[in-house]
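The lines below spell out each chain.
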Amino acid sequence: MNNKTSGVKEFFRKLLVSLKRRPSIIPLLVFAVAFLVYSLNLMNISDTTAKIQGKGMGLCGFATMLFSLLSLLCFLNSFPHRKKVNVPMLVLMFLMVGVILFCDNYYLNAISNALTRAQNPIQITQNTLYIAKANNMLGDHMIILIVGVVLTALLPVYAKLLRKINTSVSVEDNGKLDAIDISGEE
């Protein structure tokens, strides 16, 4: 039992050491989750676009998918390993995330307008349940993106806090350290 708990402790210590070296992994994972949330629910988005056929909905879906992938690449180039932050790539990444948030908001408004329009409003039934799923997913996607932006903006703050955490391993001395001959002479 003691061996398992020490293995778990060592795993978390190594995880913390890697986060201390590259704290930019934290917002990267959040943006990766946002990308996965959107791309795994792309069928609901496509079906909603086909059903509502609102102005610019297809373009917003395409732009969200494209800029999600490109913003991940910009984020990776913004924080190169053991180098200073690449500010132009970081600004470009923030601009792309802004476009994604705009497109998500535009798409949500198009869904809302289709559901509440005076002439022939679309009803959510068992056959059109994908519209509600797309609506909920877009709200979640926007929240995850905002969390990623906040984590990226606060990266210098929590990087300093992570560096203050002691992750060193204490090595015990059995008292026979003087008896070891390291000179190589016989």
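A. Molecular detail of the overall build of the protein chain. Looking only at helices and strands, the protein chain has seven helices and zero strands in total. Counted from the first residue to the last, the protein chain has its helices and strands arranged as α-α-α-α-α-α-α. With the C-alpha coordinates aligned to their principal axes, the bounding extent of the protein chain is approximately 95 × 45 × 30 Å. Taking all 186 residues of the protein chain together, 31% fall into the buried category. Sequence separation of at least 24 residues holds for 80% of the intrachain contacts in the protein chain that already meet a minimum separation of 6. Total accessible area computed for the protein chain in this model is approximately 12600 Å², and 63% of it derives from carbon and sulfur atoms.

B. Just the environment of A34, in detail. Its place among the elements puts A34 in helix α2 (residues 25–40). Spatially, the C-alpha atoms of A34 and M142 are 8.3 Å apart, while their sequence positions differ by 108 residues. Sequence-distant contacts of A34, defined by excluding residues within four places in its chain, comprise H141, I144 and L145.

Parameters and conventions
Residues numbered from 1 in each chain as written. Predicted model: local features only at pLDDT ≥ 70, side-chain atom pairs only at ≥ 80, totals over all residues. Heavy atoms only, no water. Helix = DSSP H or I, 4+ residues; strand = E, 2+ residues; numbered from the N terminus. Buried < 20%, exposed > 50% of the residue type's maximum accessible area, 1.4 Å probe, protein only. Contact = heavy atoms within 4.5 Å. Areas by Shrake-Rupley, 256 points an atom, 1.4 Å probe, with all protein chains shown as cover.

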